[in-house]
Amino acid sequence: MTDDDLSFLAGALPAPLRQDRIVSIVEGAPGMVRTAALAAALGTSEVTVRQDLAALDLGARIRRVHGGAVRLGAGSGERPFEETAVEHQVAKAAIGRAAAALVRSGQCVVLDVGTTPAAVASALVAREDLVDVTIITNSLTTALALEAAVPRFTVIVTGGTLRPLQHSLVAPFNGAVLPMIAADLVFLGGTGLDVAHGLTNVNLPETEAKRMLAAAARRTVVVADGSKFGRAHIGVVRALEEIDVVVTAETTADAVAPIRAAGVEVVVADGSDGSSGDDPARNGRNETA
């Protein structure tokens, strides 16, 4: 019997066999498998697939995430964009607005991969006063979000090899575009930020791409919510002395203090460390990048 035959018959399978098939598909995938893709492969409805995913997650056979599922071990390192996108949403929105306030018309901006840089993209699109802004990104998700602002914005995608977890473009070939860019600002995300290591990331191909993005800009702005503070991961993206501004939210005074003491400007977008997120002197609105 062929795979096509199995796909056709899958919809008639009893739940235990159908769920075994889901586990097989998810474990064989490099990243997240979407609910719609599972429904198509099994010849059943997305409602049925969601019920199966809930049961499989409860039984610790796969891990259900927003929009689909990942293999059980996927949470030990890099996590899918769709999973992290639903975490700290209020903080990321505040960070996005404060970071976007640093951009002026006529500038060239580099936007990193990740859910917090994606919030910056959304905030930039919402700033209808901005015109003639060029944005370079290696994120397909971000590029599509920025499309709404064309032609006010010129959006350039770096090119490279697609990574499914983050929908990002990494080496090779992204190095063909970035060395030709002299940007005003780069907005970088990451999975850890501490005094000893600076900005770090769990994935080495992503780390290499982030380093190249940073090298293309005169000023480096790190966008990271408070959950990233005090953490360090395998890939060092940018040492603390190479970071000009950190924009954060949902943090504490104790977490922010060591970063500020090292000489880095920290903008707390929601005032969660006791500072006022509405003070232009602190949120960077009077910054000349």
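So, how was this worked out
Residues numbered from 1 in each chain as written. Predicted model: local features only at pLDDT ≥ 70, side-chain atom pairs only at ≥ 80, totals over all residues. Heavy atoms only, no water. Pairing = 2+ DSSP bridges. Helix = DSSP H or I, 4+ residues; strand = E, 2+ residues; numbered from the N terminus. Axes fitted to C-alpha atoms, helices over the stretch in contact; angles between N-to-C directions. Contact = heavy atoms within 4.5 Å. Salt bridge = Lys/Arg side-chain N within 4 Å of Asp/Glu carboxyl O. Phe/Tyr/Trp six-rings, centres within 6.5 Å; stacked < 30°, edge-to-face > 60°. Lys NZ or Arg CZ within 6 Å of the ring centre and 35° of its normal. Buried < 20%, exposed > 50% of the residue type's maximum accessible area, 1.4 Å probe, protein only.

Looking at an unreviewed UniProt entry, the protein chain carries the name DeoR family transcriptional regulator of aga operon, with the source organism given as Curtobacterium pusillum.

### What about the sheet that holds strand β4 (residues 108-111)?
Strand order in the open sheet formed by seven strands is β6-β5-β4-β9-β12-β14-β15, and the pairing between neighbours is parallel. This sheet does not close on itself; its edge strands, each paired only once, are β6 (153-157) and β15 (265-268). Taken over all neighbouring pairs, the strand axes of this sheet differ in orientation by 20° on average, direction set aside. Pairing geometry for β4 and strand β9 (residues 183-188), over three bridges, is parallel. From the neighbouring strand, Leu111 faces β9, where its bridge partner is Phe187. The sheet strands contacting helix α6 (residues 89-100) are β9, β12 (217-223), β14 (245-248) and β15, and the helix crosses β14 at an angle near 145°. The strands touched by helix α9 (residues 204-215) within the sheet are β4, β9 and β12, with β9 carrying the most contacts at an inclination of about 150°.

### What about the pattern of salt bridges?
For the coordinates displayed, the defined rule picks out eight salt bridges. One salt bridge in this structure joins Arg218 and Asp184, with 2.6 Å as the shortest N-O distance. Of this pair, Arg218 sits in strand β12 while Asp184 sits in strand β9, placing them 34 residues apart in sequence.

### Quick look at the packing of aromatic side chains
Applying the stated rule across the entire model yields zero aromatic pairs. If you follow Arg152 out to its NZ or CZ, it ends over the ring of Phe153, 5.0 Å from the centre.

### Comments concerning unusual backbone geometry
The step from Val150 to Pro151 runs through a cis peptide bond, and the omega angle for that step is 15°. Summarising the element assignment, Pro151 is placed in the loop between α8 (140-146) and β6. At Asp132, a residue that is not glycine, the phi angle is positive and equals roughly 55°. Accessibility expressed as a relative area gives 57% for Asp132, which makes it exposed. The backbone of Glu250 shows a phi angle near 50°, a positive value even though the residue is not glycine.

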